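Below are the chains, spelled out letter by letter.
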Amino acid sequence: MKNTVPSYFKKFVCIADKCPDTCCAGWEIVADAESLDKYEKLSTDFGKKIRALLTVDSDGDTVYKPVDGRCPFLLENGLCEMYIEIGHDNLCRTCRMFPRHITDFGSRIETGLSFSCPEAARLITESSSPITFETLETEGHISPNSIDPDMYFTLLKARKLAIDILQNRKYSISRRLSDFLVFSAELDRLLRYEDFEEADELINSFTVSDKRDGCRPASAKKAFRKFFSDFLSLEKLNPDWVGYSPDCGSISDEKTREFLLSVSENQWEHEHFAVYLVFRYFMTAVFDYDLLTKAKFTVLSLILIRRIQVFSGASSKEERIEIMQKYSKEVEHSAQNLDSVTHFIKKSRYYSVENILNILTWEEKL
């Protein structure tokens, strides 16, 4: 079996109680069937405690009963009582794996780190060098699947080009996001008709264009306000986070321009976040043939993050990365929020490719 991982993956080690955030609060932790079986067989007092703290949620999943929004096994010192009492191997699958995420394509898997983890976010943005990937041989069970091999290998080739576009530092990050979205939209149209021959030709011949339609600032601002309004309607894991300030949706052009100029040498931070999202979601179009929604999610995430950074005046790298990490935690780690964002993108005319490109052109011309 082959496993593709990003260059920073092997460096990760949980920093436990030294972490500035916690992965043990703000969301439900589902206990998988294998772990539940282990807990049923624990005859110790701690086994009884685990069983007493399990409950079934409205979705029918068995979860740990939260205490003030925190896992009941999270100690005051930031350590995990379950880890201390019964060891890492007996944690539920979610706790053993996080912040690692795995996408299974049968004979191939891809494993990365979630940006919602502060230590993972630090590693992803540790270096300004472009992120690279490597494919390793690994042991594992090959899962049966119905993946179309033509679709899979076309997407694999397309993702390489998509990452090349996003890492082309000849252009601004706004321009790169525009080129990425244009490419993804054209490719999406061909893949929906399973026209793999034309898709392959597009991948081989796609070039960025110096021509962009004129910017319509009023329309761009209206569309952005709609995006931000929808963002504010999401489930809030941390209601006090700066990203939920209503004033983020109405920032002056002058303030935006000043901020973008101040971080012009640090556009690689946004590049790394975009590449992270593309690595995590682009290939999942093999399951639903919906590449465009995933591409729009990537671009919209960067648009929202940059505006939140402007509003908060995030002048240091640490402040900017924390905003990206918090955004990832709020959006990516709530199934409800991901479903809502997908619904917005698919159903609202404000999320058209034209509107998103207009916002990016507006940003570039500021």
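Residues numbered from 1 in each chain as written. Predicted model: local features only at pLDDT ≥ 70, side-chain atom pairs only at ≥ 80, totals over all residues. Heavy atoms only, no water.

Caption draft 1: Spatial organisation of the packing of aromatic side chains. Overall, the coordinates contain 20 aromatic pairs when judged by the stated rule. Between the aromatic rings of phenylalanine 105 and phenylalanine 287, the centroid separation amounts to 5.7 Å while the plane-to-plane angle is 5°, which identifies the pairing as stacked. Remark: phenylalanine 287 occurs in helix α12 (residues 285–288) and phenylalanine 105 occurs in the loop between β4 (100–104) and β5 (108–113); sequence separation between them is 182 residues. We classify phenylalanine 287 as partly exposed; its relative accessible area is 46%. Judged by centre distance (4.8 Å) and plane angle (25°), the ring pair of phenylalanine 133 and phenylalanine 279 falls under stacked. Of this pair, phenylalanine 133 sits in strand β6 (residues 133–137) while phenylalanine 279 sits in helix α11 (residues 267–281); the two residues are 146 residues apart in sequence, bridging distant segments of the chain. Residue phenylalanine 279 is classed as buried on the basis of its relative accessible area, which comes to 4%. The side chain of arginine 175 reaches across the aromatic face of tyrosine 171, ending 4.2 Å from its centre. It is lysine 236 that lies over the ring of tyrosine 244; its NZ or CZ is 4.9 Å from the centre. (Phe/Tyr/Trp six-rings, centres within 6.5 Å; stacked < 30°, edge-to-face > 60°. Helix = DSSP H or I, 4+ residues; strand = E, 2+ residues; numbered from the N terminus. Buried < 20%, exposed > 50% of the residue type's maximum accessible area, 1.4 Å probe, protein only. Lys NZ or Arg CZ within 6 Å of the ring centre and 35° of its normal.)

Caption draft 2: Broad picture of the side chain of aspartate 290. Counting through the fold element by element, aspartate 290 comes out in the loop between α12 and α13 (291–312). In contact with aspartate 290, other than residues within four places in its own chain, are Asp188, Arg192, Ala285 and Lys346. (Contact = heavy atoms within 4.5 Å.)

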